[in-house]
Amino acid sequence: ATGGIINVNGSQNAPYLTTSLQNNSISATALTQTIDGITYSFSIWSNGSTTASTTFNPDTHFIYTADFTGKPSNTNRNLTFGGNVGEKIELSWNEHPHDSVTKYKIWRKVRHNGVTGNPSLIATVNRGTTTYTD
């Protein structure tokens with residue numbers, strides 16, 4: 001993927017390439033960033049560390065990688081709700097600008113006596129769909 005930035009020894013490093021002499025430590029921090037409406041968050045280093053900041057102590061030729069998870073942002077989708085109490089709820093939104101977003105998940109939260117319940121997935125629709133009636 002194209003998301004995620006890594007700071008290596010205090011300097012931003014993208015693309016993700018640095019060279020170090022054998023037995024010299026490398027301090028690296030994986031940073032969250034948003035590109036084209038997708039927020040990329042650090043998941044795990046190739047050495048198994050799940051802490052965004054880590055130090056590598058290479059003693060041989062080795063490649064270290066950071067995995068990032070991308071999540072589409074819902075901002076600027078211009079979500080609108082239509083319908084009155086007792087009627088069907090109509091949703092409409094703008095298409096996400098990033099082509100990698102291929103589906104939309106529709107979630108529902110129900111409020112009863114002032115208490116909002118947990119969200120439940122009620123539908124998944126394909127890209128190109130910008131309306132849903134519940």
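Refer to the preceding data block for the structure.
Structure report, in brief.

Analysis parameters
Residues numbered from 1 in each chain as written. Predicted model: local features only at pLDDT ≥ 70, side-chain atom pairs only at ≥ 80, totals over all residues. Heavy atoms only, no water. Pairing = 2+ DSSP bridges. Helix = DSSP H or I, 4+ residues; strand = E, 2+ residues; numbered from the N terminus. Axes fitted to C-alpha atoms, helices over the stretch in contact; angles between N-to-C directions. Salt bridge = Lys/Arg side-chain N within 4 Å of Asp/Glu carboxyl O. Buried < 20%, exposed > 50% of the residue type's maximum accessible area, 1.4 Å probe, protein only. Patch = residues over 30% accessible without salt bridge, like charges linked within 9 Å, V, L, I, M, F, W, Y side chains within 5 Å. Areas by Shrake-Rupley, 256 points an atom, 1.4 Å probe, with all protein chains shown as cover. Core = buried A, V, L, I, M, F, W, Y, C linked by side-chain atoms within 4.5 Å. Contact = heavy atoms within 4.5 Å. Polar contact = N/O pair within 3.5 Å; in protein donor to acceptor, adjacent residues only side chain to side chain.

**A closer look at the sheet that holds strand β8 (residues 80-82)**
Judged by pairing direction, the sheet is antiparallel, and its three strands sit side by side in the order β8-β9-β14 without closing on themselves. The open sheet has two edge strands with one neighbour each: β8 and β14 (131-133). Averaged over all neighbouring strand pairs, the angle between strand axes comes to 15 degrees, with direction disregarded. Where strand β9 (residues 90-92) meets β14, three bridges bridge the pair, whose relative direction is antiparallel. In the strand pairing of β14, E90 is matched with T133.

**What about the pattern of salt bridges?**
In total, this model carries two salt bridges according to the counting rule given. Two residues, R127 and D99, come together in a salt bridge whose shortest N-O distance is 3.6 Å. One end of the pair, R127, is in the loop between β13 (120-126) and β14; the other, D99, is in the loop between β9 and β10 (103-108), with 28 residues separating them in the sequence. Exposure remark for R127: the relative accessible area of 27% places this residue in the partly exposed category. Judged by its relative accessible area of 63%, D99 falls in the exposed class. With a closest N to O distance of 2.7 Å, D134 and R108 form a salt bridge. Highlighted residues: D134 in the segment after β14 and R108 in strand β10, separated in sequence by 26 residues.

**Concerning a nonpolar patch on the surface**
On the surface, L79, F81 and I89 cluster together into a nonpolar patch covering about 320 Å² of accessible area. Note on placement: I89 falls in the loop between β8 and β9.

**Observations regarding the nonpolar core**
Counting 20 residues, the largest nonpolar core has I6, W45, A66, F68, W93 and Y132 as its most contacted members. For this core, the elements supplying multiple residues, two or more each, are β1 (5-8), β3 (26-31), β5 (38-45), β7 (66-72), β10 and β13. Here this core gets four residues from one element, more than from any other, and that element is β5. In contact with W93, not counting residues within four places along its chain, are R77, N78, L79, Y104, I106, V125, T129, T130, T131 and Y132.

**A few points about the side chain of S49**
Tracing the sequence through the fold places S49 in the loop between β5 and β6 (53-56). Here T51 takes part through its backbone nitrogen, which lies 3.3 Å from a polar atom of the side chain of S49. Discounting chain neighbours no more than four positions away, the residues touching S49 are F42, I44 and T54.

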